Amino acid sequence: MKRYALAITLLLLMAAPAVSQPPMRPYSGIGVLLLTTEHDESGVQQEPLYLYEEPAVQRIGALDSGRTPPYEWLFTGNTSGVPLIVTARKGEWLRVAYDDAGRLGWLEPRHRGEVQPWSALLKGKPCRLLPGLRKQYYQIFRQPGRMPLALPALAKQSFRVVKLDGDWALAMPDQSTLGWLRWRDEDGRLLISVGMAPGPQKR
């Protein structure tokens, strides 16, 4: 009887639809590198970008844009390049998360793109809070963390970022509302997605 019950339980578990886990929210770092594609405008293959353990020391391999983190859910509408989150900078060298496992390496982008700090990247862009966050993150305040506004939670509403102050963003959900919300959590992980303007169309 016990074996029969165990077999039924296993069959039910196998038949149950798989629940997809939301992707892990990445650390915000210091900004974003929008890397241009591996081919220039004439279609010629560009020189590979190499990754290193330290700037110009101990090469890991070449950056593979096909294996970079799938950030489409963070940078919606982006056609400008491959977004890489930058965690540190030393001169022209940038430390980036180069695959979906979150491994870090140093590269020198040269003419293939430049870092946009979050304050510049988010300002004026349409943003949304990510789904599945703790309730507190959907609250908007008159001051960072103080005096909550008597408004519906911003779970699905878009807003525009006016400016950043540390972990907080001054947000404008509509023309008559201005308040503060967190754009990254206490651990430095992102809480919002940003709508990116499409890049120039290639002819």
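Residues numbered from 1 in each chain as written. Predicted model: local features only at pLDDT ≥ 70, side-chain atom pairs only at ≥ 80, totals over all residues. Heavy atoms only, no water.

(A) Representation of the nonpolar core. Grouped together as the largest cluster of nonpolar side chains are 30 residues, with contacts concentrated most on Phe-75, Trp-118, Leu-122, Leu-129, Phe-159 and Ile-192. If one sorts the elements of this core by residue count, helix H2 (residues 118–122) sits on top with three residues. Setting aside residues up to four positions removed in sequence, Leu-129 forms contacts with Tyr-137, Tyr-138, Leu-154, Ala-155, Phe-159, Leu-181, Arg-182, Leu-191 and Ile-192. Counting 13 residues, the second-largest nonpolar core is a separate cluster that includes Leu-33, Leu-49, Leu-51 and Tyr-98. (Core = buried A, V, L, I, M, F, W, Y, C linked by side-chain atoms within 4.5 Å. Buried < 20%, exposed > 50% of the residue type's maximum accessible area, 1.4 Å probe, protein only. Helix = DSSP H or I, 4+ residues; strand = E, 2+ residues; numbered from the N terminus. Contact = heavy atoms within 4.5 Å.)

(B) Just the pattern of salt bridges, in detail. Tallied over the entire structure, the rule returns five salt bridges. Salt-bridge contacts for Arg-25 lead to Asp-185; the nearest nitrogen and oxygen are separated by 3.1 Å. On the criterion of sequence distance, the pair formed by Arg-25 in the loop between helix H1 (2–15) and strand E1 (31–35) and Asp-185 in the loop between strand E14 (177–182) and strand E15 (192–195) is long-range, its members being 160 residues apart. Across the pair Arg-184 and Asp-167 runs a salt bridge whose closest N-O atoms are separated by 2.6 Å. A residue pair is termed long-range when its members are at least 10 positions apart, and Arg-184 in the loop between E14 and E15 and Asp-167 in the loop between strand E12 (159–165) and strand E13 (168–174) qualify at 17 residues. Looking at Asp-167, the relative accessible area reads 24%, which means it is partly exposed. Taken together, the shared-partner salt bridges connect Asp-167, Arg-182 and Arg-184 into one network. (Salt bridge = Lys/Arg side-chain N within 4 Å of Asp/Glu carboxyl O.)

(C) Representation of the packing of aromatic side chains. All told, the structure shown has five aromatic pairs when counted by the stated rule. With a centroid separation of 6.1 Å and 65° between ring planes, the pair formed by Tyr-71 and Phe-75 is classed as edge-to-face. Exposure class is identical for Tyr-71 and Phe-75. Each is buried. When the centroid spacing of 5.7 Å and the interplanar angle of 85° are considered together, the rings of Phe-141 and Trp-168 count as edge-to-face. (Phe/Tyr/Trp six-rings, centres within 6.5 Å; stacked < 30°, edge-to-face > 60°.)

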